[in-house]
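# Residue-level structural notes
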Amino acid sequence: QVQLVESGGGLVQAGGSLRLSCAASGSIFSINAMGWYRQAPGKQRELVAAITSSGSTNYADSVKGRFTISRDNAKNTVYLQMNSLKPEDTAVYYCNSRGRYSGTYVPYDYWGQGTQVTVSS
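For the structure given in this document, a descriptive report is provided here. From a predicted model like this one, the values you see are computed outputs, not experimental measurements.

### Re the side chain of Arg66
Topologically, Arg66 is positioned in the loop between strand 6 (57–59) and strand 7 (67–72). The exposure class assigned to Arg66 is buried, which follows from its relative accessible area of 11%. A distance of 2.9 Å separates a polar atom in the side chain of Arg66 from the backbone oxygen of Ser62. Residues within four places of Arg66 in sequence aside, it is in contact with Gln81, Met82, Asn83, Ser84, Leu85, Lys86 and Asp89.

### What about the packing of aromatic side chains?
Under the definition given, this model contains 5 aromatic pairs. Plain terms: the ring middles of Tyr37 and Trp111 are 4.9 Å apart, the flat faces sit at 70° to each other, and that makes the pair edge-to-face. Of the two residues, Tyr37 is situated in strand 4 (residues 28–39) and Trp111 in strand 10 (residues 107–111); the sequence distance between them amounts to 74 residues. Plain terms: the ring middles of Tyr101 and Tyr110 are 6.4 Å apart, the flat faces sit at 90° to each other, and that makes the pair edge-to-face. Here Tyr101 and Tyr110 have matching classes, each one buried.

Conventions we followed
Residues numbered from 1 in each chain as written. Predicted model: local features only at pLDDT ≥ 70, side-chain atom pairs only at ≥ 80, totals over all residues. Heavy atoms only, no water. Helix = DSSP H or I, 4+ residues; strand = E, 2+ residues; numbered from the N terminus. Buried < 20%, exposed > 50% of the residue type's maximum accessible area, 1.4 Å probe, protein only. Polar contact = N/O pair within 3.5 Å; in protein donor to acceptor, adjacent residues only side chain to side chain. Contact = heavy atoms within 4.5 Å. Phe/Tyr/Trp six-rings, centres within 6.5 Å; stacked < 30°, edge-to-face > 60°.

What follows is the structure, encoded as structure tokens:
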């Protein structure tokens, strides 16, 4: 089993900043990639940003230049620094982790429970 614990969501005014954190724990041998997705009401879940174990990053066009993803491999934790927030960034943000279980080395793919980010205009 792998557990993902998210924190850092909340309510902020447009132009403000928030920092999301997601810590992975459990039977983890290795983590290949961690990322953040979001889902707004009535819309499909979409990728916001992802980062591999080697540090390669990928961002949605809508957040490039405003959001920064980073990770602490020693803590199995990924962060999402969100600056210049806009009302359209309002959504539930989900953490995702993909890796391999310890012992069996079977791949896993887990999601966090989600954290609400609300940006007021």
